[in-house]
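A look at the structure
Here is what each chain is made of, one letter per residue.
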Amino acid sequence: MRFAYVVLRDFRNYPYLELDIPPGASLFVGPNAQGKTNLLEACYYISSLSSPRAERESDLARWGTGCFSLAARLEDLGSVTTVKIDTAVTPSVRRKLRINDRRVTRRELVALFPCVYFSPDDLYIVKGSSALRRKFLDSILSRQDSVYAKTLQRYNDTVARRNTALKKAGADSSWKSTLESLDELLVNLGSPLLYRRLGLVEELSGYTQSTYKFIANGNCAVAYTSTLGETALDLDEIKAAFRQRLRELGREELARGVTLAGPHRDDLSVSLNGKSFRYFGSQGQQRSVMLALKMAEARCLQRSFGTKPVLLLDDVFSELDSEKKSKVLSLCDFGFQVLMTSTELPKHTGPRFSLFRVENNAAMPWGVGNQS
Amino acid sequence: MQNYPKAIADLIDELRKLPGIGPKTAQRLAFHLVVSGKSSIDMLIDSLAEVRDTIGYCSVCGNLTDIDPCGICQDPKRDASTICVVGYPKDVLAIERVGGYKGMFHVLHGYIEPLKGVGPDDIRVKELLARVKDNPNKVKEVILATNPDLDGETTALYLARLLKPLSVKVTRLARGLPFGADLDYADEVTLARALEGRSEV
């Protein structure tokens, strides 16, 4: 899927913007605070009805308007789809969604096509805490499968209840029997989560490896490290391992009052020649592996949605050296549409891309970036 | 600034303790009562007093009643071999409205809610176990009709664990598609549950 044309009305800083977007790669260049990121954010919102950075919908409406509209014409292998989104943010969020002028539900719209958003903060997926890596996996799985998202929420609620019960059971043994039923809920909700994550990581690791090899010419490995130990990709086996682990941890969990094992404490290990990128990778290597992970995300979403995602690279590009820049750009040759932002024109040679200048709440075509 | 006379301020404070009543509504109700006249206030006082004096919990099932045991527990036509366990008295009404259920009830008066510090000892679990144990040949099935949320689920799992060793059939309300629903429009979680709990026709 690709954007052919977008319209933004009262979105962020844009009173009104119409834009034809060519296939392949486009670079939006302009000084800071002119609305480059907002443009990518609008594209992401059209695909997922959520923003990669705003917490609340009300932040998205242009100041003082209380509502915004987005529309897009999408093309995929010759077929054209139009999407229209009208959102009122005050007093509460209400949306009118249309695909090809037919009213649709939120669920139908987000199932249409995926976008992958590359932000400079994604670097923390590699070097930050394990919570960010779990979030990375969960966000892919939640977009692929809404049952996953709801199970995850119920699982997290169960962990909170179980932690309270563990704290109480330390002092008052009558809580121990309640713990047993919470254990069962924990295992029943947590095991499918682990099962789906293991399946995803298996898929991700191959893609990440090959992309990293292409960008940085090194061997990276991605593996899921579970607090339940090694388990086969089998739901019953995972359940058994989960129960077993809870039994082993019994005393320690009571003493500490926290649930110590389960998908909420697992991690994704990303390593180069057996050494963790988190501690040993250089900035450049971390950046490359982050790009490889996000490209792998794109591949996984492509498989489950059955259409190519649009890649939105927010200011990620500027930090790469010229060789990596051209390699990342050549990934568009695999048929992805790529929208990028930068504060300055790249001086290096490489594949072609379309240029836009973003200034004063407007974006104008600016010719074709040079190259080769 | 002029404050309310103390009697009205006290009335507003009392009304505010009721569920769903905020400061504005409490104030509106209080003024309404004040101007509504002596006879309607007396009627309200009388009905409050009557509720206070006559309504209590059934010693068997825990439902609200004005006789003990309650009408349902006393009814010889009802099937004493089945007990339907619910969270609150209002759930008894919900199931009675269906009309098809002819067994007994047991009201827990709450669910196990670890986050609020409510444990099994704080709800009427012991009474339920006693009812099943004391009538070993009489009670054949216990239906767990707790809410399909996490706390209801925790409570149901807890009860199932205790009841199963007493050689009584323990069942749980089915979860799934509402009647008149369109498969295409059902959310995936409900559909997954419905598929899981499918039954033979």
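Parameters and conventions
Residues numbered from 1 in each chain as written. Chains lettered and ligands numbered in written order. Predicted model: local features only at pLDDT ≥ 70, side-chain atom pairs only at ≥ 80, totals over all residues. Heavy atoms only, no water. Helix = DSSP H or I, 4+ residues; strand = E, 2+ residues; numbered from the N terminus. Buried < 20%, exposed > 50% of the residue type's maximum accessible area, 1.4 Å probe, protein only. Contact = heavy atoms within 4.5 Å. Areas by Shrake-Rupley, 256 points an atom, 1.4 Å probe, with all protein chains shown as cover. Lys, Arg positive; Asp, Glu negative; His and termini not counted. Charge placed at Lys NZ, Arg CZ, Asp CG, Glu CD. Axes fitted to C-alpha atoms, helices over the stretch in contact; angles between N-to-C directions. Left-handed = near helix turned anticlockwise from the far one by under 90°. Nonpolar A, V, L, I, M, F, W, Y, C, P; charged D, E, K, R; others polar. Salt bridge = Lys/Arg side-chain N within 4 Å of Asp/Glu carboxyl O. Parallel < 35°, antiparallel > 145°, perpendicular 65-115°, else oblique. Pairing = 2+ DSSP bridges. Buried area = accessible area lost by both parts, 1.4 Å probe. Polar contact = N/O pair within 3.5 Å; in protein donor to acceptor, adjacent residues only side chain to side chain. Phe/Tyr/Trp six-rings, centres within 6.5 Å; stacked < 30°, edge-to-face > 60°. Lys NZ or Arg CZ within 6 Å of the ring centre and 35° of its normal. Domains from an automatic or database assignment.

Turning next to the overall build of chain B. Tallying secondary structure elements over chain B gives 8 helices and 6 strands in all. If you line up chain B on its principal axes, its C-alpha atoms span 70 × 45 × 35 Å. Looking at chain B as a whole, 34% of its 201 residues are labelled buried. Contacts spanning at least 24 positions in sequence make up 47% of the contacts within chain B whose residues lie at least 6 apart. Accessible surface, chain B: about 12900 Å² in total, of which carbon and sulfur atoms supply 58%. Positive and negative side-chain charges in chain B, numbering 26 and 28 respectively, have mean positions lying 2 Å apart.

Further remarks concern the packing of helix 6 (residues 125–134) of chain B against helix 7 (residues 150–163) of chain B. Residue and element names in this part refer to chain B. Interaxial distance between helix 6 and helix 7 falls to 11 Å at its minimum, and their mutual angle equals 30 degrees. Considering only the axes of helix 6 and helix 7, their crossing is right-handed. In this structure, helix 6 contributes Val125, Leu128, Leu129 and Val132 to the contact, and helix 7 contributes Tyr158, Leu159, Leu162 and Leu163. Tallied by class, residues from the contact of helix 6 with helix 7 come to 8 nonpolar, no polar and no charged.

Take the pattern of salt bridges next. For side chains of opposite charge, pairing can occur when their charged atoms come near one another. Residues and elements named next belong to chain A. One pass over the structure, following the stated rule, counts 34 salt bridges over all chains. A salt bridge links Asp183 to Arg162, with the nearest nitrogen and oxygen atoms 2.7 Å apart. Of the two residues, Asp183 sits in helix 6 (residues 176–216) while Arg162 sits in helix 5 (residues 146–171), which places them 21 residues apart along the sequence. Residues joined in a network through salt bridges with shared partners are Asp122, Arg143, Lys294 and Glu297.

Residue and element names in this part refer to chain A. Helix 9 (residues 283–305) packs onto helix 4 (residues 130–144) with a crossing angle of 15 degrees between their chain directions and a minimal axis gap of 10 Å. The orientation of helix 4 with respect to helix 9, classified from their angle, is roughly parallel. As for the relative orientation of helix 4 and helix 9, their crossing is right-handed in sense. On the side of helix 4, the interface is formed by Phe136, Ile140, Arg143 and Gln144, while helix 9 contributes Leu293, Lys294, Glu297, Cys300, Leu301, Arg303, Ser304 and Phe305. Partitioned by chemical class, the residues of the contact of helix 4 with helix 9 number 6 nonpolar, 2 polar and 4 charged.

Another aspect to go through is the sheet that holds strand 9 (residues 220–225) of chain A. Residue and element names in this part refer to chain A. Strands sit in the order 9-10-11 across an open sheet of 3 strands; the sheet is antiparallel. The open sheet has two edge strands, strand 9 and strand 11 (275–276), and neither has a second partner. Summarising the sheet, strand 10 (residues 267–272) and strand 11 pair through 2 bridges and their orientation is antiparallel. Considered in strand 11, the bridge of Ser271 is made with Ser276. Relative to the sheet, helix 6 contacts strand 9 and strand 10, its axis offset from that of strand 9 by approximately 170 degrees.

What follows is about the interface of chain A and chain B. Between chain A and chain B, the contact holds 22 residues from the first and 23 residues from the second. For the pair chain A and chain B, the summed buried area comes to about 2000 Å², and 60% of that belongs to carbon and sulfur atoms. On the chain A side of the contact with chain B, Arg107(A), Arg154(A) and Arg161(A) bury the most area, a combined 29% of that side's loss. The tally of links between chain A and chain B comes to 3 salt bridges. When the shortest N-O distance is used, the salt bridge between Arg161(B) and Glu180(A) registers 3.6 Å. Linking chain A with chain B are 5 residue pairs in polar contact (both at pLDDT 80 or more).

Our next topic: the side chain of Arg197(A). Residue and element names in this part refer to chain A. Looking at where Arg197 falls in the secondary structure, it is placed in helix 6. Taking the relative accessible area as the measure of exposure, Arg197 reaches 1% and is therefore buried. Among the polar contacts made by the side chain of Arg197, one reaches the side chain of Tyr148 at a distance of 3.1 Å. From its side chain, Arg197 meets the backbone oxygen of Pro263 in a polar contact 2.8 Å long.

Residues and elements named next belong to chain A. The full count for this structure, using the stated rule, is 9 aromatic pairs over all chains. Ring geometry for Phe11 against Phe68: centres 5.4 Å apart, planes inclined by 75 degrees, an arrangement best described as edge-to-face. One end of the pair, Phe11, is in strand 1 (residues 2–11); the other, Phe68, is in strand 4 (residues 67–76), with 57 residues separating them in the sequence. Given a relative accessible area of 1%, Phe68 falls into the buried group. When the ring of Tyr212 is compared with that of Phe277, the centres are 5.6 Å apart and the planes differ by 75 degrees; the resulting orientation is edge-to-face. You can see Tyr212 sitting in helix 6 and its partner Phe277 sitting in helix 8 (residues 277–280), a full 65 residues away along the chain. Grouped by ring-pair contacts, the aromatic residues Phe11, Tyr45 and Phe68 constitute a single cluster. Directly above the aromatic system of Trp175 lies the positively charged group of Lys168, at a separation of 5.5 Å from the ring centroid. Over the face of the ring belonging to Phe280 we find Lys275, whose NZ or CZ atom lies 5.7 Å from the ring centre.

Attention now moves to the domain arrangement of chain B. When cut into domains, chain B gives domain 1 (6–54) and domain 2 (74–200). Averaged C-alpha coordinates put domain 1 of chain B and domain 2 of chain B at centres separated by 36 Å.

Okay, the pairing of strand 10 of chain A next. Residue and element names in this part refer to chain A. Of all 6 residues in strand 10, 5 are buried; the element is thus mostly enclosed. Note that strand 9 and strand 10 share 6 bridges and pair antiparallel. Of the residues in strand 10, the one forming a bridge with Val222 is Val270. Following strand 10, the chain reverses through 2 residues before pairing antiparallel with strand 11; Asn273 in that reversal takes a positive phi of roughly 50 degrees.

Along the chain, Thr90(A) connects to Pro91(A) via a cis peptide bond; the corresponding omega equals -5 degrees. By the secondary structure assignment, Pro91(A) is in the loop between strand 5 (79–88) and strand 6 (94–99). The residue after Asp68(B), namely Pro69(B), is reached through a cis peptide bond having omega -5 degrees. Mapped onto the elements, Pro69(B) comes out in the loop between strand 2 (64–65) and helix 4 (71–74). You will see that Asp101(A), though not glycine, has its phi angle at about 65 degrees, which is positive. Following the sequence through the fold, Asp101(A) ends up in the loop between strand 6 and strand 7 (102–103). Since its relative accessible area comes to 55%, Asp101(A) is described here as exposed. The phi torsion at Ser167(B) lies on the positive side, around 45 degrees, for a residue other than glycine. Within the secondary structure, Ser167(B) is located in the loop between helix 7 and strand 6 (169–172).

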